[in-house]
Amino acid sequence: MQAVLYVGHGSRIKAGVEEAIQFIKSSQAMIDVSIQEICFLELAAPSVDEGITKCVERGATKIAVVPILLLTAAHANEDIPFEIEVGKVMYPDIEFTYGKAFGIHPKIVDSLYDRVVEQQVTIAEDAQVLIVGRGSSDPAVKHDLNEIALLLADKYSFNKVTVCFLYGAEPHFDEALLQLQQAPQKQVFIIPYLLFTGILMNGIEKKIVKQSTSCQQLILCENLGYHKYVQDVLVERVNELLEINQISQPIL
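Here the structure is a predicted model, which means the values were calculated and not measured.

Enquirer: Report on the overall build of the protein chain, specifying residues and quantitative values.
Expert: Looking only at helices and strands, the protein chain has eight helices and eight strands in total. Compactness check: the protein chain gives a C-alpha radius of gyration of 19 Å against a globular reference of 18 Å for 252 residues, within 12% of the reference. Oriented by its inertia axes, the alpha-carbon framework of the protein chain measures out at about 65 × 30 × 30 Å. Taken across its 252 residues, the protein chain has 51% of its residues classed as buried. Look at the contacts in the protein chain between residues 6 or more apart in sequence, and 80% of them connect residues 24 or more apart. Carbon and sulfur atoms make up 52% of the accessible area of the protein chain, which totals about 11,900 Å².

Next up, the structure:
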């Protein structure tokens, strides 16, 4: 029997974990699979091995593991695959398949634009957008986020869209805020490229409040969390993996 196991990142902030759970639960109704479980890679329960066990206890013989991650980096490439290997040792008769992070997707680009529009502020002709990523030492993360920024600028004709990171890659968010002081653009929409509320989101907000001046409009947008388009991408990633299960052998 087929199961789907959703693997979220996890957060020390309870509200962030609850947001993740509600987001995933609202997506589960769109997936035609009876066994669906939620787990977290770190900082929250249940753990991945506990999630796998729940699937097996409910009768699963195949488990499609879906990462709830915006971009592909160490968590997607190393940490979750390691947990799957542990699961294969625990349950050698279970077939595991593994899906993709959300990655570069047109609907992600559209969701970013919606985060700007929902601020209900007239968008200046020279408005700048700053996308703030979590960050990673994996160069693919920087490449992919820059590609998303280019797509956003091209599709919605923003004068300038740049990216920065909270850690692990350059430019750092602090550096980007300093550069904004010298920028000719007076209106800047800052979009946290994060799925849910957490310590990182709180830190962004505090730094923007400290940086704000009377001559520059720094507008903090919502993170991506509940956006319908992001949900569409999640459902697409799950269905892609279920189709693989139907036509091929396990990939792990």
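Continuing now.
Enquirer: Go over the packing of aromatic side chains with me, naming the residues and quoting the values.
Expert: Under the counting rule described, the total for this entry stands at three aromatic pairs. Chaining the aromatic ring pairs together yields one cluster made of Tyr113, Tyr156 and Phe158.

Enquirer: Account for the sheet that holds strand S3 (residues 62-67), with residues named and values stated.
Expert: Adjacent strands of a sheet form backbone hydrogen bonds with each other and so pair up, either parallel or antiparallel. Pairing in this open sheet of four strands is parallel, and the strands run S2-S1-S3-S4 from one edge to the other. What marks the edges here is a single partner per strand, and that holds for strand S2 (35-40) and strand S4 (95-98). If you compare each strand with its neighbour and ignore which way they point, the axes differ by 25° on average. Each of strand S1 (2-8) and S2 touches helix H1 (residues 14-28); the most contacted strand, S2, lies at about 160° to it. Sheet contacts for helix H3 (residues 74-90): S1, S3 and S4; angle to S4, the most-contacted strand, approximately 175°.

Enquirer: Go over the nonpolar core with me, naming the residues and quoting the values.
Expert: Counting residues in hydrophobic clusters, the biggest one holds 50 residues, and the most contacted among them are Tyr6, Ile131 and Tyr193. With 20 residues, the next largest nonpolar core counts Val7, Ala76, Ile80 and Ile94 among its residues.

Enquirer: Please give an account of helix H4 (residues 106-117) that cites residues and values.
Expert: The terminal C-alpha atoms of H4, which comprises twelve residues, lie 17 Å apart, in line with the 16 Å expected from a rise of 1.5 Å per residue. For H4, the full list of buried residues reads Ile108, Val109, Asp110, Ser111, Leu112, Arg115 and Val116.

Criteria and cut-off values
Residues numbered from 1 in each chain as written. Predicted model: local features only at pLDDT ≥ 70, side-chain atom pairs only at ≥ 80, totals over all residues. Heavy atoms only, no water. Helix = DSSP H or I, 4+ residues; strand = E, 2+ residues; numbered from the N terminus. Rg over C-alpha atoms; globule rule 2.2 N^0.38 Å. Buried < 20%, exposed > 50% of the residue type's maximum accessible area, 1.4 Å probe, protein only. Contact = heavy atoms within 4.5 Å. Areas by Shrake-Rupley, 256 points an atom, 1.4 Å probe, with all protein chains shown as cover. Phe/Tyr/Trp six-rings, centres within 6.5 Å; stacked < 30°, edge-to-face > 60°. Pairing = 2+ DSSP bridges. Axes fitted to C-alpha atoms, helices over the stretch in contact; angles between N-to-C directions. Core = buried A, V, L, I, M, F, W, Y, C linked by side-chain atoms within 4.5 Å. Expected span 1.5 Å × (residues − 1).

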